[in-house]
Amino acid sequence: MTAQRPMQIGELAERTGLSIRTLRHYDEIGLLRPSARSDGGFRLYTADDESRLLLIRRMKPLGYSLEQMGELLAVVDGLDADPADAALAARFADIRDEALTRRDDLRRKLDAADEFVAQLEAR
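By the naming in an unreviewed UniProt entry, the chain goes by DNA-binding transcriptional regulator, MerR family and is assigned to Microbacterium enclense.

Draft legend 1. Broad picture of the side chain of aspartate 27. Looking at the element boundaries, aspartate 27 is found in helix 2 (residues 20–28). Judged by relative accessible area, aspartate 27 falls into the buried class, the value being 5%. Reaching out from aspartate 27, the side chain makes a polar contact with the side chain of arginine 37 at a distance of 3.2 Å. Look past the residues within four positions of aspartate 27 in its chain and what remains in contact with it is Leu32, Arg33, Pro34, Arg37 and Arg43.

Draft legend 2. Representation of the pattern of salt bridges within the structure. Summed over all chains, the structure comprises 13 salt bridges. Residue aspartate 27 pairs with arginine 33 through a salt bridge whose shortest N-O separation is 3.1 Å. When its relative accessible area of 48% is taken as the criterion, arginine 33 is described as partly exposed. Through salt bridges with shared partners, a single network forms among Arg5, Glu11, Arg15 and Glu50.

Each value, and the rule that gives it
- Residues numbered from 1 in each chain as written.
- Predicted model: local features only at pLDDT ≥ 70, side-chain atom pairs only at ≥ 80, totals over all residues.
- Heavy atoms only, no water.
- Helix = DSSP H or I, 4+ residues; strand = E, 2+ residues; numbered from the N terminus.
- Buried < 20%, exposed > 50% of the residue type's maximum accessible area, 1.4 Å probe, protein only.
- Polar contact = N/O pair within 3.5 Å; in protein donor to acceptor, adjacent residues only side chain to side chain.
- Contact = heavy atoms within 4.5 Å.
- Salt bridge = Lys/Arg side-chain N within 4 Å of Asp/Glu carboxyl O.

And the structure:
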């Protein structure tokens, strides 16, 4: 199996539906750093970077701030480095529970929106 070639920022933006500006901002604030830079200084992203970006994108509808996203990713990274870290595992469980609560709240809002649209369509 061969490794995939790195993606430049435009390709990653196109693949994920996020703007180049957003990706640059995420790099500037440390949320998503490119795995490498080309000789010309262009950002180069891997499939792992794309997976991380998709995780970030999935947090957005749940209302996480960029700071909260960074904290969550730090916990995930810490557990990847040391799966036996009990403090990180406990923090991860709290984060998971909070995500479930946020998802349930979003589901209730969606149900209310569906009811509203149904009322409009009934007129």
